[in-house]
Amino acid sequence: MAVHKTELVHGVLLFAGHFNERDVATAQRTYPGRRIILNADHRLEVHPAGTEPARPLID
């Protein structure tokens, strides 16, 4: 998938585009240790490492 726009929002990388689970798997390999979320808008969120589950920025 091509990235249309990338933003840093509250320490979270937000990739705009129309992503799917394959893109999540690729992001997990690219950003090891980070928490990757595919949000309701089909955007990828790359959250910092942590022990708590990451919450989508949209919530």
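### Quick notes on unusual backbone geometry
Inference 1: The phi angle at His 10 is positive, at roughly 50°, despite the residue not being glycine.
Inference 2: As for its placement among the helices and strands, His 10 is situated in the loop between β1 (5-9) and β2 (12-16).
Inference 3: At His 42, a residue that is not glycine, the phi angle is positive and equals roughly 65°.

### Some thoughts on the side chain of His 47
Inference 1: Within the secondary structure, His 47 sits in strand β4 (residues 44-47).
Inference 2: In this structure His 47 comes out as buried when scored by relative accessible area, which is 6%.
Inference 3: At a separation of 2.8 Å, a polar atom in the side chain of His 47 contacts the side chain of Glu 45.
Inference 4: The residues touching His 47, leaving out its near neighbours within four places in the chain, are Val 12, Arg 34, Arg 35, Ile 37, Ala 54 and Arg 55.

Rules of the game
Residues numbered from 1 in each chain as written. Predicted model: local features only at pLDDT ≥ 70, side-chain atom pairs only at ≥ 80, totals over all residues. Heavy atoms only, no water. Helix = DSSP H or I, 4+ residues; strand = E, 2+ residues; numbered from the N terminus. Buried < 20%, exposed > 50% of the residue type's maximum accessible area, 1.4 Å probe, protein only. Polar contact = N/O pair within 3.5 Å; in protein donor to acceptor, adjacent residues only side chain to side chain. Contact = heavy atoms within 4.5 Å.

These figures capture arrangement, not role.
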